[in-house]
Amino acid sequence: MKIISMIPARYSASRFPGKLMQDLGGKPVILRTYEATVATNLFDDVFVVTDSDIIYNEIVNNGGKAIMSKKEHECGSDRIAEAVEFMDVDIVINVQGDEPFTDTESLTKLIDVFKDDHDKTIDLASLMVHITDEEEIKNPNTVKVIVDQSSFALYFSRSPIPYPRDKNVGVRYFKHKGVYAFRKEAILDFYRLPMLTLEASEKIECIRYLEYGKRIKMVETHVEGVEIDTPEDLERAKKQWK
């Protein structure tokens, strides 16, 4: 299999505009994420795909590979799909641009899902982290996921799922980490299919796959790092980077 990583990078993020160009240990967040992804040595190629000249130039001027989006896109998956449509690849790993703590162990687990899927029944795979903090469980910026007995995703939500009506049943809560592994066919299907109401309501792109009957294999990881969605996240990342 030919496996590449695509890092979607939008400059004008709604919650924290310009976050990918914020300084983290002497380099912008997006460059840290790109370098961490390359350093895993898991991919035949790694690209940043962006709508921003600033981000494009930052990556290219530091010896990296970047692609400028030709169209406006609502989400990272659409941006990646446009970039890979005519590429000769089998598996595409979407690493979010605000994930500078991307690690080899977690990405290896995602790739192994497809190496073991000989009948090609899995459309995409993604990561989840067990969480216990009640504030994080309630936080709408934390996307939660529930899975079946085989770890296939049932639903994603910004609300606490499942609702804790009975706290004595031993429910474990999982945060969805926005790192995806797609079969090329799956991400192109995503690109061509219109957004439906559940995705539009939650603003969680992977819900589109569920609404159209795709199978998402979730993989638990114990490596959390820091996703930089807010200025407060950036401060936490700076402390952890040291």
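Every value quoted in this text rests on a predicted model; they were computed, and no experiment measured them.

Participant: Help me understand the pattern of salt bridges in this model?
Facilitator: It is possible for side chains of opposite charge to pair when their charged atoms get near one another. Scanning all chains against the criterion turns up 16 salt bridges. The residue Glu 105 makes a salt bridge to Lys 109 at a minimum N-O spacing of 3.7 Å. Here Glu 105 pairs with Lys 109, and both are found in helix H4 (residues 104–115), just 4 residues apart, close to one helical turn. Between Glu 220 and Arg 172 there is a salt bridge, with the nearest N and O atoms lying 3.4 Å from each other. You can see Glu 220 sitting in strand E11 (residues 216–220) and its partner Arg 172 sitting in the loop between strand E9 (153–157) and strand E10 (173–183), a full 48 residues away along the chain. Several salt bridges share partner residues, and in doing so they unite Lys 19, Asp 98 and Asp 229 into one network.

Participant: How do you make sense of the environment of His 176 when you look at a structure like this?
Facilitator: Positionally, His 176 belongs in strand E10. Every residue in contact with His 176, bar those within four places of it in the chain, is listed here: Ser 126, Leu 127, Val 143, Lys 144, Val 145, Phe 156, Cys 206, Met 218 and Glu 227. There is a polar contact of 2.7 Å between the side chain of His 176 and the side chain of Ser 126.

Participant: It is not clear to me how the packing of aromatic side chains should be interpreted in this structure. Could you clarify?
Facilitator: The geometry of an aromatic ring pair comes down to the distance between the two centres and the angle between the two planes. The final tally for this structure, using the stated rule, is 4 aromatic pairs. Seen in terms of ring centroids, Phe 101 and Trp 241 are 5.5 Å apart; in terms of plane orientation they differ by 65°. Their pairing is edge-to-face. Taken as a pair, Phe 101 in the loop between strand E6 (91–94) and H4 and Trp 241 in helix H9 (residues 231–241) lie far apart in primary sequence, 140 residues in all. Take Trp 241: its relative accessible area is 31%, and that puts it in the partly exposed class. Ring centres of Phe 190 and Tyr 209 lie 4.7 Å apart, and the angle between their planes is 25°; on these two criteria the pair is classed as stacked.

Participant: Just checking my understanding: could you explain helix H1 (residues 29–39) for this structure?
Facilitator: Residues three or four positions apart in an α-helix share a direction because the helix packs 3.6 residues into each turn. The buried count for H1 comes to 8 of 11 residues, which makes it a mostly enclosed element. Inspection of H1 places Val 29, Ile 30, Leu 31, Arg 32, Thr 33, Tyr 34, Ala 36 and Thr 37 among the buried residues, and these make up the whole buried set. Buried positions along H1 lie against strand E1 (3–9), strand E2 (23–24), strand E3 (27–28), strand E4 (45–50), helix H2 (53–61) and H9. Count one or two residues on from H1 and you reach Asn 41, which has phi positive near 60°.

Participant: Please clarify how the nonpolar core should be interpreted in this entry.
Facilitator: The nonpolar side chains of a soluble globular protein tend to be buried with one another. Ranked by internal contacts, the top residues of the largest apolar core, which has 36 residues, are Ile 30, Val 48, Ile 93 and Leu 110. The element contributing the most residues to this core is H4, with 5 residues. When neighbours within four sequence positions are excluded, Val 48 is seen to be in contact with Ile 7, Ala 9, Ile 30, Tyr 34, Ile 55, Ile 59, Lys 65, Ala 66 and Ile 67. Membership of the second largest hydrophobic core comes to 30 residues, among which are Met 6, Val 49, Met 128 and Ile 216.

Participant: I tried to follow the environment of Val 84 on my own but got confused; where do I start?
Facilitator: Position of Val 84 relative to the elements: it lies in helix H3 (residues 76–84). Taking the C-alpha atoms as reference, Val 84 lies 22 Å from Lys 177; in sequence the two are 93 residues apart. Those residues in contact with Val 84, other than ones at most four positions away along the chain, are Ile 4, Met 6, Val 92, Lys 184 and Ile 187.

Procedures and definitions
Residues numbered from 1 in each chain as written. Predicted model: local features only at pLDDT ≥ 70, side-chain atom pairs only at ≥ 80, totals over all residues. Heavy atoms only, no water. Salt bridge = Lys/Arg side-chain N within 4 Å of Asp/Glu carboxyl O. Helix = DSSP H or I, 4+ residues; strand = E, 2+ residues; numbered from the N terminus. Contact = heavy atoms within 4.5 Å. Polar contact = N/O pair within 3.5 Å; in protein donor to acceptor, adjacent residues only side chain to side chain. Phe/Tyr/Trp six-rings, centres within 6.5 Å; stacked < 30°, edge-to-face > 60°. Buried < 20%, exposed > 50% of the residue type's maximum accessible area, 1.4 Å probe, protein only. Core = buried A, V, L, I, M, F, W, Y, C linked by side-chain atoms within 4.5 Å.

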